Amino acid sequence: MKTNERVEWQKLTKHYLQIKDLHLRTLFGKNPDRAAQMSLEHAGLFLDYSKNRVVEETLRLLFELARGIELEAEIERLFSGKRINQTENRSVLHMVLRNPPDKPYLVDGVDLMPEVNRVLVKMEQLARRISSGQWLGFTGKPIKNIVNIGIGGSDLGPVMVYEALKAYSNRNLVLRYISNIDATHLAEQLIDLEPDETLFLIASKTFTTQETMTNASSAKAWLLKRLGDESATGRHFIAISTNAEKVAAFGIEPENMLIFWDWVGGRYSLTSAIGFSLMIALGVENFHRLRAGFHRMDQHFRQSPLDVNMPVILGLLGVWYNNFFDAQSYAVLPYDQYLSRFPAYLQQCDMESNGKSVDRDGNRVGYQTGPIVWGEPGTNGQHAFYQLLHQGTKLVPCDFIGFAKPVNAIGIHHEILMANFVAQQKALAFGKSLQELKSENVADNLLPYRTFEGNRPSNTILAEKLTPESLGSLIALYEHKIFVQGIIWNIFSFDQWGVELGKQLAGNILPVLCGEQELAAGQDSSTHALITYLLKFH
Ligand code: F6P
């Protein structure tokens, strides 16, 4: 059945009309216990969702929808390894990657942990050899520079976590990430590195991705040009992939390959061998602490009743704004500079998962699915786009993410940061009324401009401190939230067919730009004009 034809959905539509104009000022005024009633703490994270435009009945109806859709059974299907990625005929089991090594994870009676542990042990051995200086490059020098080449899920997660946990990293190592096919990325990342001290990690699930394979070949050429011997490759390249054949064809020996499995989706692969750069940079222990944080949230998600389940609550609130208030986007606002890449990471996780318009029965959905995700760290965002959040015509629900303790304690920086963190949410929710402005003697002609209507919703996610554990829980929280929404919208969250057409068309255009083929007749006039322009300067 189509989600929007469900009786629970129709009840929500009716309920929306009844409460859409209720102001958060009124809701908080009527119920002094609202914050206590609408907050919870799990897996090291505290979630306050009281500043949402909901009443008790809204939540009741949202949970009723989740139950009607059999969300609990769907969560169990996910965790038990059912092939829920139907269009690719795959299970979706990233939770196995962060399961404690000594705890079996059975799928159809088979324990997946021995295989996962084998790779973890290999990663640990290699990571220790590299970071301790025992892994020597071709000229006998220890490795100082680690360069991860990958894109999408083979880049965004590792980059984001490396940036987030830099304070925990080995500062004697230089970590670089190359993803873009634009040669500038490669050129700038390698400009100050010595090839004989550089180790490349080629991270690609398929080992066929055009950007990654082209960057890997150029990196190999850069290395061989300086070292002058083909056999140097073995000392300077490690592959992370599911495709042993392609890895061998590239010239990387099996002992320098770390594997993972088709049941790990690219954008959910951070705790697989794809995160190897993190294990090297952060150390083995910190990598396990990160895994442990993910696992705590996995457990919470699998075991908690829906109405006290953080990913479920966040997912349902997202549906409420997306489908009933017609919000087009949501902003993720981490009040921590270390989380500067978190919004970019979430963009892939959320938008590649839920940017779909056909449901699981093959029909057009007929309602809104995945929102646009965007954001910047506070307080920079405050001096950029918060004007629109406060007084613009669009409703943008926000997730504010913050930490009680700073990683870098200097003066009162952290207190200033967190004062802004709290203040912004208060301003969004409660605004500033005409009466308040008048009592401050604001000139009459400025009153309309200086009014803040408020009633702009936000969630608050807080943890004691940014640590590998709290970061792991935070990422898993969003991963599972995205899953919940995919189930509600009845879409396949774990495929990404929408990335294929562009790749295919680029494949046809490339030989023309390389001068190997004539521009085929019958192109649309715009494509024809663009290619003609490019060729003019070739
Ligand atoms: O963007 C499409 C995509 O397939 C992502 O899902 C994936 O994370 C990325 O390309 C990279 O793929 P691979 O790891 O196979 O190189």
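So, here's what we can say about the structure. Keep in mind it's a predicted model, so treat the numbers as computed, not measured.

### Some remarks on the overall build of the protein chain
Then, in step 1: Check the secondary structure of the protein chain and you find 23 helices and 13 strands.
Then, in step 2: Computed over C-alpha atoms, the radius of gyration of the protein chain comes to 25 Å, within 12% of the 24 Å expected from 2.2 N^0.38 for 538 residues, which places it in the range of a compact globule.
Then, in step 3: Viewed in the frame of its principal axes, the protein chain has a C-alpha envelope of about 75 × 60 × 55 Å.
Then, in step 4: Scored against the burial criterion, the 538 residues of the protein chain give a buried share of 53%.
Then, in step 5: Contacts spanning at least 24 positions in sequence make up 76% of the contacts within the protein chain whose residues lie at least 6 apart.
Then, in step 6: Surface exposure of the protein chain reaches about 23900 Å², of which carbon and sulfur atoms provide 53%.
Then, in step 7: Taking the average place of the 53 positive charges on the side chains of the protein chain and the average place of its 58 negative ones, the gap between the two points comes to 3 Å.

### A look at the pattern of salt bridges
Then, in step 1: Under the counting rule described, the total for this entry stands at 25 salt bridges.
Then, in step 2: Its salt-bridge partner being R90, residue E88 comes within 3.7 Å of it at the nearest N-O pair.
Then, in step 3: Here E88 falls in the partly exposed class, since its relative accessible area comes to 21%.
Then, in step 4: One salt bridge in this structure joins K503 and E500, with 3.7 Å as the shortest N-O distance. Taken together, the residues K503 and E500, both in helix α22 (residues 500-513) and three residues apart, mark about one turn of the helix.
Then, in step 5: Among the residues examined, E500 registers a relative accessible area of 34% and is labelled partly exposed.
Then, in step 6: Via salt bridges that share partners, K11, E57, R60 and E64 belong to a single interconnected network.

### Focus: the site of the ligand
Then, in step 1: Around the ligand sit 13 residues, and of these S154, S204, T206, T209 and E352 come closest.
Then, in step 2: Within the contact set of the ligand, an oxygen atom lies 2.5 Å away from a side-chain nitrogen or oxygen of T209.
Then, in step 3: Protein contact buries 86% of the 390 Å² of open area that the ligand shows by itself.
Then, in step 4: In terms of residue class, the shell around the ligand is made up of two nonpolar, nine polar and two charged.

### Thoughts on a nonpolar patch on the surface
Then, in step 1: Among the surface-exposed residues, Y533, L534 and F537 lie close enough to one another that they form a single nonpolar patch of about 370 Å² accessible area.
Then, in step 2: Structurally, L534 is set in helix α23 (residues 525-536).
Then, in step 3: The class for L534 is partly exposed, based on a relative accessible area of 47%.

### Topic: the side chain of S91
Then, in step 1: With respect to the secondary-structure elements, S91 resides in the loop between α5 (71-79) and α6 (94-97).
Then, in step 2: Of the residues examined, S91 reaches a relative accessible area of 12% and is grouped as buried.
Then, in step 3: In this view, S91 contacts G81, K82, R83, D262 and W263; residues no more than four positions away in its chain are not counted.

### Things to note about helix α18 (residues 413-430)
Then, in step 1: With 18 residues, α18 extends 26 Å between its outermost C-alpha atoms, agreeing within 8% with the 26 Å of an ideal straight helix rising 1.5 Å per residue.
Then, in step 2: Every buried residue of α18 is accounted for by H414, L417, M418, F421, Q424, Q425, L428, A429 and F430.
Then, in step 3: Its buried side turned inward, α18 meets α2 (24-30), α17 (386-391), β12 (398-403) and β13 (458-463).
Then, in step 4: Following α18 by one or two positions, G431 adopts a phi angle in the positive range, close to 65°.

### Focus: the nonpolar core
Then, in step 1: Among the nonpolar cores identified, the biggest contains 128 residues, and V161, F276, W320, F342 and L471 are the most heavily contacted of them.
Then, in step 2: Broken down by element, this core gets its largest block of residues, 11 residues, from helix α21 (residues 468-488).
Then, in step 3: With sequence-adjacent residues up to four places away left out, F276 is seen in contact with M123, L126, A127, I130, L201, I238, I240 and L258.
Then, in step 4: Residues L186, L193, A216 and F250 belong to the second largest nonpolar core, which totals 23 residues.

Procedures and definitions
- Chains are numbered independently. Their residues run from 1 in the order of the written sequence.
- Side-chain atom pairs in this predicted model are given and counted only at pLDDT of 80 or more, local residue features only at pLDDT of at least 70, and totals for whole chains, interfaces and linings cover all residues.
- Here the side-chain values reflect all heavy atoms present in the structure, with hydrogen atoms and water set aside.
- Note on conventions: DSSP H or I runs of at least 4 residues are helices, E runs of at least 2 residues are strands, and numbering of each starts at the N terminus.
- Radius of gyration: C-alpha atoms only; globule rule: 2.2 Å multiplied by the number of residues to the exponent 0.38.
- Think of it in three bands: with a 1.4 Å probe and only protein chains considered, a residue is buried below 20% of the maximum accessible area for its type, exposed above 50%, and partly exposed in between.
- Contact definition: two residues touch when any of their heavy atoms are within 4.5 Å.
- Here the accessible surface of atoms and residues is derived via Shrake-Rupley with a 1.4 Å probe, and residues count as covered only by protein chains that are part of the display.
- Charged residues are defined here as Lys and Arg on the positive side and Asp and Glu on the negative side; His and the ends of the chain fall outside this count.
- Charge placement uses NZ in Lys and CZ in Arg. For Asp and Glu, CG and CD serve respectively.
- Any carboxyl oxygen of Asp or Glu within 4 Å of a side-chain nitrogen of Lys or Arg constitutes a salt bridge here.
- By convention in these notes, a residue is near a molecule or strand provided one of its non-hydrogen atoms lies within 4 Å of it.
- Polar contacts, as used here, are pairs of N or O atoms within 3.5 Å; protein pairs need one atom able to donate a hydrogen and one able to accept it. Residues neighboring in sequence count only if both atoms are side-chain atoms.
- Each residue is assigned to one class: nonpolar for Ala, Val, Leu, Ile, Met, Phe, Trp, Tyr, Cys and Pro, charged for Asp, Glu, Lys and Arg, and polar for all the others, Gly among them.
- Here the term patch refers to residues with relative accessible area over 30% and no salt bridge, with like charges joined within 9 Å and nonpolar side chains (Val, Leu, Ile, Met, Phe, Trp, Tyr) within 5 Å.
- A helix's residues, less one, multiplied by 1.5 Å, set its expected span.
- The criterion is simple. A nonpolar core is a set of buried Ala, Val, Leu, Ile, Met, Phe, Trp, Tyr and Cys residues joined through side-chain atoms within 4.5 Å.

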